[in-house]
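# Geometric and topological summary
One letter stands for each residue in the lines below.
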There are 2 protein chains.
Amino acid sequence: MPTLRIALAQVNSTVGDIAGNAAAIRRWSRAAADAGAQLIAFPEMMLTGYPIEDLVFRNSFIEASRAGLATLARDLRADGLGDLAVVVGYVDADGPAATSAEAAPGRGRRDSSALLFGGEVVARYDKHHLPNYGVFDEDRYFEPGTSLTVVRFAGVDIALTVCEDIWQAGGPFTAARRAGASMVLNINASPYELNKDDVRLPLVKRRAAEAGATVVYVNAVGAQDELVFDGDSMIVTAGGELLSRAGQFTEELLIHDLSLPAADAVPNQAAKTDAEPLPIVEQFIDDEMEIVRVEVPAEPRPAHGDKHDGGVAERVADAAEVWSALVLGLRDYVNKNGFRSVVLGLSGGIDSAVVAAIAVDALGPERVVGVSMPSGYSSGHSRDDAADLAKRTGLDYRVEPIQPMVDSFLANMSLSGLAVENLQARVRGVILMALSNQEGHLVLTTGNKSELAVGYSTLYGDSVGGFNPLKDVPKTMVWQLARWRNTQGEPPIPDNSISKPPSAELRPSQLDSDSLPDYDLLDPIIKGYVDHDLGRDDLVAAGNDPALVDRVLRMVDLAEYKRRQSAPGPKISGKAFGRDRRLPITNRFREGGAFRPV
Amino acid sequence: MPTLRIALAQVNSTVGDIAGNAAAIRRWSRAAADAGAQLIAFPEMMLTGYPIEDLVFRNSFIEASRAGLATLARDLRADGLGDLAVVVGYVDADGPAATSAEAAPGRGRRDSSALLFGGEVVARYDKHHLPNYGVFDEDRYFEPGTSLTVVRFAGVDIALTVCEDIWQAGGPFTAARRAGASMVLNINASPYELNKDDVRLPLVKRRAAEAGATVVYVNAVGAQDELVFDGDSMIVTAGGELLSRAGQFTEELLIHDLSLPAADAVPNQAAKTDAEPLPIVEQFIDDEMEIVRVEVPAEPRPAHGDKHDGGVAERVADAAEVWSALVLGLRDYVNKNGFRSVVLGLSGGIDSAVVAAIAVDALGPERVVGVSMPSGYSSGHSRDDAADLAKRTGLDYRVEPIQPMVDSFLANMSLSGLAVENLQARVRGVILMALSNQEGHLVLTTGNKSELAVGYSTLYGDSVGGFNPLKDVPKTMVWQLARWRNTQGEPPIPDNSISKPPSAELRPSQLDSDSLPDYDLLDPIIKGYVDHDLGRDDLVAAGNDPALVDRVLRMVDLAEYKRRQSAPGPKISGKAFGRDRRLPITNRFREGGAFRPV
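Residues numbered from 1 in each chain as written. Chains lettered and ligands numbered in written order. Predicted model: local features only at pLDDT ≥ 70, side-chain atom pairs only at ≥ 80, totals over all residues. Heavy atoms only, no water.

### Here we look at the interface of chain B and chain A
What counts here: It only takes one pair of heavy atoms within 4.5 Å for two residues to be counted as in contact. Put simply, buried area is the surface a 1.4 Å probe can reach on two separate parts but cannot reach once they are joined, added for both. One speaks of a salt bridge when a side-chain nitrogen belonging to Lys or Arg is within 4 Å of a carboxyl oxygen belonging to Asp or Glu. Polar contact criterion, stated in full: a pair of N or O atoms within 3.5 Å, where within protein one must be able to donate a hydrogen and the other to accept it, and residues adjacent in sequence count only if both atoms are side-chain atoms. Strands are runs of DSSP state E lasting at least two residues, helices are runs of H or I lasting at least four, and both sets are numbered from the N terminus onward. Residues were grouped as follows: Ala, Val, Leu, Ile, Met, Phe, Trp, Tyr, Cys and Pro as nonpolar; Asp, Glu, Lys and Arg as charged; and all remaining residues, including Gly, as polar.
With 89 residues of chain B at the interface, the matching set in chain A holds 90 residues. A combined buried area of about 7900 Å² lies between chain B and chain A, and 54% of that area is made up of carbon and sulfur atoms. The largest per-residue losses of area from chain B upon contact with chain A belong to Arg58(B), Arg582(B) and Thr586(B), which jointly make up 9% of the total buried on that side. On inspection of chain B and its partner chain A, the count reaches seven salt bridges. Among the salt bridges present, the one from Asp533(A) reaches Arg58(B), with a minimum N-O distance of 3.3 Å. Applying the counting criterion to the chain B and chain A interface returns 39 residue pairs in polar contact (both at pLDDT 80 or more). Going through the elements one at a time, helix H2 (59-78), helix H3 (138-141), helix H7 (318-336), helix H10 (403-412) and helix H11 (418-439) of chain B are the ones with two or more residues in the side of chain B that touches chain A. Per-class residue counts for the side of chain B that touches chain A are 43 nonpolar, 27 polar and 19 charged.

Shown next as structure tokens:
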């Protein structure tokens, strides 16, 4: 059997930065060639970044992607890498692209994979299965490919596929079996979700069995707005053996020697299809994809004396996984958008303490400004806890008391109750934005998912900010993350911030529990209602107190309006607020009871 | 030929308010029956409101829609309306609905039309063509129907279709011809766009010819978040004659007597299809839809002595059309969300003056609070113009000078330049939100599309607010609207607000023209870049100055970040910011030149 040394480039790219992404491809390709690899595979849409959303309707963007690909092929040859096969994702279109979304919705634009060799684009494949659920809108953007490309490279038949192709039964993987491919290369931009790595391995095994071929699964790493790509690239044989697996949340060049059946030794398709019943459970449609065969003029190389094994990276605990996702999500948002630094308010409470610790892990303490903004209602321990956090993390610490500004509003307007509470939060927002304008920091907001869900925040107050690391993190998980992080080296978060009862400190002796149920009771209801779309009766049947369910659902229904004006943040759950939860603001269907004006 | 008296119910519904919408259906059905109608048709999704977005993934919502439909049928009979055929749009699902977006994207959920008669649901049809472009995401939400329902009612064969079915060639209209239907009923929730009414009539004519049948086109009226439904319902014969047409932006029961070929008099499909070549230009696929025939036990009635003609409503000028859309958009947003009143800042400038006039037209002066918030940089004429506007419109006028609050920040922080300019706008935002919290008003923000596009606004400053009537209105159109409105009765807008050069008044002698090109030059570039996705080279080729194009495109690219945190507002153009323009925030593809940090 021929042996192929392949490199899985689990790397980061930036949407729109075609030149920068091409440079990264050349850099990683050089490293792969230096390690003796014959083929390197990059993630889906590596050249353009992913997701490109409505940029796809811009012809100038499509043309930049196509031209960038051709230039990249030539540059790789000029780099002396002409005999390395480079598989890279990019966006393409059939003929001249249509001019707008309205003109031709989704027509002719392709989520494509190309194989570059000898200075040329020698093979292309267009993604067949297009996801159109959750965070995905690909029916809006792309037309599905209808043929499978099988490349004969160094004596081995390799089928090219893209991302969702592996998540649905039938289609390219079935066609790969018909084509007698020894290996299916699946390039991805698969967003992180808590425990998604537990789903991926069985999925890849199932498709490998379906294709009767080794599956090489390459995923992107990095963050793009609310999405975090976690890597977790892997190689699985047709028999279900995990040969190699990369870690999560770090760039990595995973190099592995694969012994694969030679192209001419693979039994013909009919025999193979008849002989082995597929061990899958889904009903699938064989789309009868046409098979396009391409021969790449690369000779098999003799097997290396030292067989290269990429190894299997260890899995990490849930808290470590989420923490890494939040750190990466923030770091990429800040760096890819060109901010030098961030600023956030430090209340002494758990949420701002955790965000500060994430920011320091992501950017280093010299790029993080923390501002304590005490009012007359701020307790002494709050100020002490904020100062303690600053000392532990080494961030740039400032104090700006808000009382003089609050008093100037109160002296000129007749305000009472909630209006006065919110006023304090808004004065803090004005201070943070003034620092942002004056010094150039990105403002971080720190409301957790539980607060966002029930609307326990001040619009244009504590919700001010361009990015929110905790946007998709329920309060109970915030505490878990804080405790876990404090076990990793020097604990950054003051114990007192973790153990004291949470309070907004906007009126004397205020506690979250005055307005909200215990978070242990609240979070499961939010998870059922938001992440799983359960109805009121389902939630009661699941054992939640009926009156509490009604109360919480009413709060969540009414908070939609505030959530529309909140900052993006990393998605870590099944359904984050934002991209994959789209609800009408104007809506009188209330699981929590009859309609009441907001 | 049998004569059918039909009623087109061009009416308003509210998303989620199934009980309220059902009550409206009963009310309008009573009116139609009193006028002698045999059939009444309501818009798409009348029972649930449209669009329902991710509510479709909530089983409890689907069940409420189904149960509501059955109850409605019984209630209509109880009302004595059992012999009126009532066609109504609602959401349905095949069997028990799937539990979440992830579980089964778009599977089994239907955008349906039902015919109610005699207390029963006697016929159903599922929308076949699903739009998935612009503001539409229907591939995410629904599965397409594959059969055409033809109802034999009072001696006439009527094909049921829904909205997008009429925008695409082939499918149900072709099948209606095959089925020999005399009439195709097309129920819609078709959002307004400037001049869309000019497109609709030729479209309906083309489909009527294609089907060889009279087309009855019923559209919703009313607003839902950013969408405005304008009505414009109509009846067009197979020969292309416009028999009757409703107005725009008002609820209306259009009643018309239609003489239609009797079901048994229609030639068979083969003869008909062969005999008449279709006068259409699109290539279409005949989806070979199955035809389901339903017989409703209603006898033909003798023709009325007095033939009822619905008439053809006059078209109005563009400015009148847009003004009506903005008034309806605001009125429905405020009323459907249960706000009693609105508050906005009055600068004396054109934008806030136009928004105030729209608000007074929408809600009456007693529900509109206008606040003048002068600073040290506000000119005397600005205060006078604001007061003049208040006097002309009769709104509730207040004055809150901002200098004391601004000074309290300046005394405690070291701020300069842009930070001081933005501080003033943010203090105004805090004042408006304090009034909102204290008195319950919805805050209106007033930035026009040109400002939003280039980011000429203060985040959390003048962008504060829950709704923005001018979100999709370019500055040059704001002036046109003001001039037009002042010709309609007593002019509400001071001439000085229209004629003076625009200024933010955040520093001495500041003018918009210090920072922005002339709006006459700016607006065409924004239209090309935003609405039509033209690239830099296309815009230069269209005659725009190259340096100006580069400058404007850079501003638009960089402003994406601010736009994400802006309020919804009515869509009036091809591509409003918001629902139908989705771009990554993190994105280094810049038509305007190389990437520069935001």
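From this point, the discussion proceeds with the structure in view.
### Topic: the nonpolar core
To keep it simple, the criterion reads: Residues belong to a common nonpolar core when they are buried Ala, Val, Leu, Ile, Met, Phe, Trp, Tyr or Cys residues joined through side-chain atoms within 4.5 Å. Burial classes follow relative accessibility: with a 1.4 Å probe on protein chains only, a residue under 20% of its type's maximum area counts as buried, one over 50% as exposed, and anything between as partly exposed.
Membership of the largest hydrophobic core comes to 185 residues, with the highest contact counts inside it found for Phe409(A) and Phe409(B). The residues touching Phe409(B), leaving out its near neighbours within four places in the chain, are Met405(A), Phe409(A), Val427(A), Val430(A), Ile431(A), Leu423(B) and Val427(B). Of all hydrophobic cores here, the second largest spans 54 residues; its members include Leu39(B), Ala159(B), Leu201(B) and Leu203(B).

### Focus on the packing of aromatic side chains
How we decide: Side-chain rings of Phe, Tyr and Trp, where Trp is taken by its six-membered ring, are said to pair if the distance between their centres is within 6.5 Å; with planes under 30 degrees apart they count as stacked, over 60 as edge-to-face, and otherwise as tilted. We call a charge positioned over a ring when the NZ of a Lys or the CZ of an Arg lies within 6 Å of the ring centre and within 35 degrees of the ring normal.
One pass over the full model with this rule turns up 23 aromatic pairs over all chains. Relative to Trp484(A), the ring of Trp323(A) has its centre 6.1 Å away and its plane inclined at 50°; by these criteria the two rings are tilted. Here Trp484(A) lies in helix H13 (residues 475-485) and Trp323(A) lies in helix H7 (residues 318-336), a separation of 161 residues in the sequence. Note on Trp323(A): relative accessible area 3%, which makes it buried. For the ring pair Phe339(A) and Tyr561(B), a centre distance of 6.4 Å and an interplane angle of 50° mean the geometry is tilted. Of this pair, Phe339(A) sits in the loop between H7 and strand E16 (342-345) while Tyr561(B) sits in helix H19 (residues 560-563), on two different chains. The aromatic ring of Trp479(A) is capped on one face by Lys475(A), whose charged end is 5.4 Å from the ring centroid. The residue whose ring lies beneath Lys449(B) is Phe577(B), and the NZ or CZ to ring-centre distance is 5.9 Å.

### Looking at the relation of the copies chain B and chain A
So the rule is basically this: Superposition of the copies used a least-squares fit over C-alpha atoms from residues whose pLDDT is at least 70 in both.
Once turned by 180° and shifted 0.0 Å along the axis, chain B lies on chain A with an RMSD of 0.0 Å. In short, the pair behaves as if placed about a two-fold rotation axis. Measuring from the rotation axis to each C-alpha of chain B, the shortest distance belongs to Gln565(B), at 2.7 Å. Both copies present the same face, since 100% of the interface residues in chain B are matched by interface residues at the equivalent positions in chain A.

### Topic: the environment of Leu185(A)
Residue and element names in this part refer to chain A. With respect to the helices and strands, Leu-185 occurs in strand E8 (residues 183-188). The spatial distance from the C-alpha of Leu-185 to the C-alpha of Leu-160 is 5.1 Å, given a sequence separation of 25 residues. Setting aside residues no more than four positions away along its own chain, Leu-185 makes contact with Leu-39, Ala-41, Val-87, Ile-158, Ala-159, Leu-160, Thr-161, Val-216 and Val-218.

### A few points about the pattern of salt bridges
Close approach of charged atoms allows side chains with opposite charge to pair. This model, assessed by the stated rule, comprises 91 salt bridges over all chains. Notably, a salt bridge pairs Lys449(A) with Asp472(A), separated by 2.8 Å at the nearest N-O pair. Here Asp472(A) lies in the loop between helix H12 (449-454) and H13 and Lys449(A) lies in helix H12, a separation of 23 residues in the sequence. Like Lys449(A), the residue Asp472(A) is buried in the burial classification. As a salt-bridge pair, Asp34(B) and Arg30(B) come within 3.1 Å of each other at their nearest N and O atoms.

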